Amino acid sequence: MKNSGKLRATVPSFSPLFGLITVAVTAHVALSAARVTTALYALSLHASTFTVGLLVALFALFPMLLAVPMGRMIDRIGVRKPMMSGCLLACTGVVLAALVQGLSILYLSVILIGTGFMAIFISAQHAVGALALPDQRAASFSKLSLGFSVSSFTGPLIAGFVIDHSHYAVAYWVCAGFTFTAFCIAASGALKTIPMQHAVRAAGAGGPLELLRNADLRRIYIVGILLAAAWDLFTFVTPVRGSQLGFSASTIGMILATFSAATFTVRLAMPTITRRYHEWQILSGALAAAALCYVAIPFMQHPLAMAAVAAGLGLALGTGQPNVLALLHQWAPAGRGAEAIGIRATIGNASAVLLPLAFGAAGATLGLYAVFWALGILIACGVPLAIKQSRQQTELNQ
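Residues numbered from 1 in each chain as written. Predicted model: local features only at pLDDT ≥ 70, side-chain atom pairs only at ≥ 80, totals over all residues. Heavy atoms only, no water.

Visitor: In this structure, what is going on with the overall build of the protein chain? I would like to understand it.
Guide: Each helix and strand in the protein chain was counted, giving 16 helices and zero strands. Out of the 398 residues in the protein chain, the part that is buried amounts to 57%. Nonlocal contacts in the protein chain, meaning residues at least 24 apart in sequence, comprise 87% of its contacts between residues at least 6 apart. With an accessible surface of roughly 15,600 Å², the protein chain has 67% of that area assigned to carbon and sulfur atoms. (Helix = DSSP H or I, 4+ residues; strand = E, 2+ residues; numbered from the N terminus. Buried < 20%, exposed > 50% of the residue type's maximum accessible area, 1.4 Å probe, protein only. Contact = heavy atoms within 4.5 Å. Areas by Shrake-Rupley, 256 points an atom, 1.4 Å probe, with all protein chains shown as cover.)

Visitor: For this particular structure, what's the right way to read the environment of Ala119?
Guide: In this structure, Ala119 sits in helix H4 (residues 104-131). Placed 56 residues apart in sequence, Ala119 and Pro63 show a C-alpha to C-alpha distance of 8.2 Å.

Visitor: I'm lost on the nonpolar core in this one. Help?
Guide: One broad rule of soluble globular proteins: the nonpolar side chains tend to lie buried together. The biggest cluster of nonpolar side chains holds 115 residues, and the ones touching the most others in it are Met83, Phe234 and Tyr294. Of all the elements, helix H1 (residues 14-44) adds the most residues to this core, at 16 residues. (Core = buried A, V, L, I, M, F, W, Y, C linked by side-chain atoms within 4.5 Å.)

Visitor: Help me understand the environment of Ile105, please; the structure alone is not making it clear to me.
Guide: Within the secondary structure layout, Ile105 lies in helix H4. Once the C-alpha coordinates of Ile105 and Gly93 are considered, the two residues, twelve residues apart in sequence, prove to be 9.4 Å apart.

Visitor: Could you clarify how one ought to interpret a nonpolar patch on the surface in this entry?
Guide: A cluster of nonpolar residues, Val295, Phe299, Tyr369 and Trp373, forms a patch on the protein surface that exposes about 380 Å² of accessible area. Here Val295 lies in helix H11 (residues 279-296). Since its relative accessible area comes to 40%, Val295 is described here as partly exposed. (Patch = residues over 30% accessible without salt bridge, like charges linked within 9 Å, V, L, I, M, F, W, Y side chains within 5 Å. Salt bridge = Lys/Arg side-chain N within 4 Å of Asp/Glu carboxyl O.)

Visitor: How should I be thinking about the side chain of Arg241 in this particular structure?
Guide: Counting through the fold element by element, Arg241 comes out in helix H8 (residues 215-244). Asp164 is the oppositely charged side chain nearest to the buried, salt-bridge-free Arg241, at an N-O distance of 18 Å. If sequence neighbours within four positions are ignored, Arg241 has contacts with Pro298, Met300, Gln301, Met306, Leu368, Tyr369 and Phe372. (Lys, Arg positive; Asp, Glu negative; His and termini not counted.)

Visitor: Looking at this structure, how should I read helix H2 (residues 49-77)?
Guide: Helical periodicity: at 3.6 residues per turn, an α-helix aligns residues three or four positions apart in one direction. With 29 residues, H2 should reach 42 Å at 1.5 Å per residue; the first-to-last C-alpha distance of 41 Å fits that figure. Of all the bends in H2, the greatest, near 50°, is centred on Leu66, and the proline Pro69 appears no more than four residues after it. Gly78 sits one or two residues past H2 and shows a positive phi near 95°. (Expected span 1.5 Å × (residues − 1). Bend = angle between axes of the 7 residues up to and from the residue.)

Visitor: Sorry if this is basic, but what is going on with the side chain of Ser390 here?
Guide: Residue position: Ser390 is located in helix H16 (residues 383-397). A residue is classified by how much of its surface remains accessible, and Ser390, at 10% relative accessible area, is buried. Discounting residues that sit within four places of it in the chain, Ser390 has contacts with His278, Trp280, Gln281 and Ser284.

Visitor: Which parts of the structure should I look at to understand the confidence of the model for the protein chain?
Guide: Detailed reading of the predicted model is not advised wherever pLDDT is low. On average, residues of the protein chain score 82 in pLDDT, and 87% of them are at 70 or above. Mean pLDDT across the elements of the protein chain ranges from a minimum in helix H14 (residues 337-365), with 74, to a maximum in helix H3 (residues 80-99), with 94. Across residues 1-14, confidence stays below pLDDT 50; counting only partners more than four residues off in sequence or on other chains, it has 28 contacts. Counted against residues more than four places away or in other chains, residues 197-204, with its pLDDT under 50, gives twelve contacts. (pLDDT = per-residue confidence, 0-100.)

Visitor: It is not clear to me how the packing of H11 against helix H13 (residues 320-331) should be interpreted in this structure. Could you clarify?
Guide: The geometry of a pair of packed helices is captured by two quantities: the angle between their axes and the separation between those axes. As a packed pair, H11 and H13 sit with axes 10 Å apart at the nearest point and diverge in direction by 140°. In terms of orientation, H11 lies oblique with respect to H13. The hand of the H11/H13 crossing is left-handed. Along its contact with H11, which presents Glu279, Trp280, Ile282 and Leu283, the element H13 presents Gly320, Asn323, Val324, Ala326 and Leu327. Residue classes in the contact of H11 with H13 are distributed as six nonpolar, two polar and one charged. (Axes fitted to C-alpha atoms, helices over the stretch in contact; angles between N-to-C directions. Parallel < 35°, antiparallel > 145°, perpendicular 65-115°, else oblique. Left-handed = near helix turned anticlockwise from the far one by under 90°. Nonpolar A, V, L, I, M, F, W, Y, C, P; charged D, E, K, R; others polar.)

Visitor: Would you take a moment to explain the packing of H2 against H4 for this structure?
Guide: Running from amino to carboxyl end, H2 crosses H4 at an angle of 40°, the nearest separation of the two axes being 7 Å. Both H2 and H4 take part in a crossing whose hand is right-handed. Of the residues in the contact of H2 with H4, the class split is 18 nonpolar, six polar and one charged.

Visitor: Any chance you could explain the packing of aromatic side chains here in plain terms?
Guide: The geometry of an aromatic ring pair is captured by the separation of the ring centres together with the interplanar angle, meaning the angle of the planes. What the rule picks out here adds up to ten aromatic pairs. A centroid spacing of 5.7 Å and a plane angle of 35° characterise the contact between Phe117 and Phe121, whose relative ring orientation is tilted. With a gap of four residues between them, Phe117 and Phe121 both fall in helix H4, about one helical turn apart. Its relative accessible area of 8% is what places Phe117 among the buried residues. For Phe121, a relative accessible area of 18% puts it in the buried group. Taken together, Tyr41, Tyr168 and Tyr172 form an aromatic cluster joined through their ring pairs. Above the plane of the ring of Phe59 lies Arg35, whose end atom (NZ or CZ) is 5.7 Å from the centre. (Phe/Tyr/Trp six-rings, centres within 6.5 Å; stacked < 30°, edge-to-face > 60°. Lys NZ or Arg CZ within 6 Å of the ring centre and 35° of its normal.)

Next up, the structure:
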């Protein structure tokens, strides 16, 4: 059932919301740059495709295990302390990679970076959704998503140019600078006035399985995970595919930045799009377009062709997160918004752990063509579900 008793919060002033988004986006620059840097650094050390997949998977391992407890804690204590702790944890991870050379330290480094950003990510998503009035929620999530599009663009771009003109260690130090800046903003008091500690857990509320038994939430999770898998795998396979084709680090960074620029563009247009189409209609189109892009990627062997497909994929996937989050906040039980987001993060991170390992192994044995096409088929399987939900939502709105 729809959540009519969600957190009772006044509409925030611009400054707290701006501070919240600034912390999340600044930290996300470091995460997106660290992912590209780690993949390219491992490849420079002659790591196999499977090893690169393992490192990418480790970014999501502990977030998979800790996202639900983190969500429950955020429901109780608010977002400021978890965001500060997450910034420090991520900063520790990139500093370790900068100080200690070699492949071995990367395993610990990516665990710390991924876990730290998980705390920031869940905090930011919950705060934005809880602070917004129901009719403003999609617009608020669009602002946060726009910020993440900017960070997804700048992170790989910065990493690529720093690696080409300096060294991998310097790229990690740049990441450390962004995470420490995010910590300073959070600690400065920009988040103190966000009224997040008024959530009361409903009496008799069960655990995560209770939420998963909710059919409406379950369908949202399935579609959200498919779109997240399409996003995460693109950031994993692009450095590998680019290296195979002989692209420079800067070129690979530009392709990833083109993808992020496309997500920014479509999210900028999201208020107009949501006035014409409801959430499930948008998600149906996103799944179909993403599946087609993954089928086409293996045929693109020139940087401009790769960038064009990356742009198409970015336009499709950029619509996903704001609409999935809006639906989650719409259907989550009262006082359990962050927990519902934590469950989404847990399932999404589980796929982020398993898919790079599975597709890394498949890429090493069957080639990347099989990886792209397998994911395209998997995404396409979600289209009928989304279309069915779209028809039901259209009938309800009439």
